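Residue strings, one per chain:
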Amino acid sequence: MAKMWSGRFGEESSSLLEEFNGSLPFDKKLYREDIAGSIAHATMLREVGILSADEVEKIIFALKQVESEIDSGKFEFKISDEDIHMAIESRITEIIGEAGKKLHTARSRNDQVALDFRLYVLRKNSEIIKLLKNLQATLINLAKNSSDILMPGMTHLQHAQPINFAYHILAYVSMFKRDIERFESSIERNNFSPIGCAALAGTPHQINRHITSSLLDFKEPTINCLDTVSDRDFALEILFNISTMFVHISRFAEELIIWSSYEFKFVTFSDAYSTGSSIMPQKKNPDVAELLRGKTGRVFGNLISLLTVMKGLPLAYNKDMQEDKEGVFDSVETAIISLKIFDKAVATLKINSENMAKACKIGHLTATDLADYLVKVCNVPFREAHHITGRAVAEADRLNIDLSEMGYINLQKIDSRINSDVDEILSLRNSMNSRKSYGGTSQEQTLKQIAFFENWLAGLNK
Ligand code: ARG
């Protein structure tokens, strides 16, 4: 069949070209956006008097019919149509004849694809925000139930200071809050309508882009058409925002993998979100967390790939830009299923507080407290206090006990300025609760953080 653009061509396209050039196999995902855009465009063409009411009625009728044909799987996608824009246009022309041929007045596929893709990305930003908020609610709930669970806080993956488990979880709540804000600000920044920019330079037709913009719920039309048809920042932003979110997800996943190992056993995944081994009958593997960590690779890849496609492209539209979609679809779909399953895996996680408490008694977590005690109570200069504490730690190792259980009698032998009040100071729970500085791990501060995030999630302290 002759192509819509075949006027100047003498020969038919080769089938290899059709396969190579066409985007229909993947951009058919944009049919709803394409149809919504066309309905808005046609409505505007009627309002400004370019098309008649009768023509537009037919066009909208046909567009809706096409939408239900695609919804119900009856629509026949032909690669000869090249992309979703021409597939829909040729079908409506089949349905209503002449009027269908008028729909493309004052627009181009360049602004059409910019519109469809932007609508898709904006919608997906909102979907991801919703899922992130669900995850936040789950995490805040987990934190609420665990603000008195002691765990070893680490640096360099070595025991450092006692913290509470809720505080650790809230670190991730902070990260996901920033992620949510990034998706939100991307919506704000990109909420401008591309339609009516036409090929690159606008159009001599007396159109009204403000009408299409408000029909499609954008804030305003974009200001410069040349930029608009070349711009894929909105796509790069969602890829970057998903990537950063996956930095956080993968760190959390990694910790869960470590924590669920026999060496730690801080947490146990529910059977519903664990998998077995085909050969080792005893195994229960944290595949969900491993896959979340692993999927980070493709998500980063998609970002790098679009950055590379866009780099150095001359203005305005270039066919290279057809390569923008698959990576975005993949990252978006990966983000959506990952957030759903992550939420479930965390919600059903069993927290083994006794194992965390046991682990706190390894590694002299309260050594800094002893040094601080020597400074605060005994007036010892910090450097000297650090040295004395080092000797106390060596002595505890020799006695094969943890510093928190050493007792002041043993400690006095190392430095006579140490008194019985040190026992309180070196208790693990007191150590955790002594860190009352703003944003610290004490239960008091942790509960404040929980309240802060709860209010934020409820939209109270934006
Ligand atoms: N299928 C194209 C894409 O995905 C649509 C825009 C085509 N524009 C053009 N002038 N060939 O980017």
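For the structure, check the block above.
These lines cover the structure that appears in this document, whether it is placed above or below. Quick caveat: nothing in here was measured; it's all calculated off a predicted structure. (Residues numbered from 1 in each chain as written. Predicted model: local features only at pLDDT ≥ 70, side-chain atom pairs only at ≥ 80, totals over all residues. Heavy atoms only, no water.)

1. Remarks on the overall build of the protein
Counting its secondary structure elements, the protein contains 19 helices and six strands. The globule rule puts the C-alpha radius of gyration for 462 residues at 23 Å, and the 31 Å found for the protein is more than 25% above it. Taken over the C-alpha atoms alone, the protein extends approximately 100 × 50 × 40 Å along its principal axes. Relative to its 462 residues, the protein shows a buried fraction of 50%. Of the roughly 22,400 Å² that the protein leaves accessible, carbon and sulfur atoms contribute 54%. The distance from the centre of the 54 positive side-chain charges to the centre of the 62 negative ones in the protein is 3 Å. (Helix = DSSP H or I, 4+ residues; strand = E, 2+ residues; numbered from the N terminus. Rg over C-alpha atoms; globule rule 2.2 N^0.38 Å. Buried < 20%, exposed > 50% of the residue type's maximum accessible area, 1.4 Å probe, protein only. Areas by Shrake-Rupley, 256 points an atom, 1.4 Å probe, with all protein chains shown as cover. Lys, Arg positive; Asp, Glu negative; His and termini not counted. Charge placed at Lys NZ, Arg CZ, Asp CG, Glu CD.)

2. Thoughts on the nonpolar core
Within the largest apolar cluster, 69 residues are counted, with the highest numbers of intra-cluster contacts made by Ile128, Phe176, Ile242, Met245, Val328 and Phe342. Counting only elements with at least two residues in this core, the list comes to helix 6 (109-144), helix 7 (165-190), helix 10 (233-259), helix 11 (287-310), helix 12 (325-347), helix 13 (353-360) and helix 19 (443-457). Looking at this core, the element that brings in the most residues is helix 10, giving 15 residues. Discounting chain neighbours no more than four positions away, the residues touching Ile128 are Phe183, Ile238, Ile242, Met245, Ala335, Ile336 and Leu339. The next biggest cluster of nonpolar side chains, apart from the first, holds 24 residues, and it includes Ile35, Val56, Ile70 and Ala99. (Core = buried A, V, L, I, M, F, W, Y, C linked by side-chain atoms within 4.5 Å. Contact = heavy atoms within 4.5 Å.)

3. Description of a nonpolar patch on the surface
A cluster of nonpolar side chains, namely Leu200, Leu226 and Leu315, defines an oily patch on the protein surface of about 270 Å² accessible area. Residue placement: Leu200 occurs in the loop between strand 3 (192-193) and helix 8 (209-215). Overall, Leu200 belongs to the partly exposed group, its relative accessible area being 42%. (Patch = residues over 30% accessible without salt bridge, like charges linked within 9 Å, V, L, I, M, F, W, Y side chains within 5 Å. Salt bridge = Lys/Arg side-chain N within 4 Å of Asp/Glu carboxyl O.)

4. Structural notes on unusual backbone geometry
Cis peptide bonds are those with omega within 30 degrees of zero, and the linkage from Leu315 to Ala316 qualifies with 0°. Summarising the element assignment, Ala316 is placed in the loop between helix 11 and helix 12. One non-glycine residue, His364, lies in the positive phi region at around 55°. Its place among the elements puts His364 in the loop between helix 13 and helix 14 (367-376). Phi at Asn400 takes a positive value of approximately 65°, unusual for a residue other than glycine. Of note, Asn400 is situated in the loop between helix 15 (382-399) and helix 16 (408-414).

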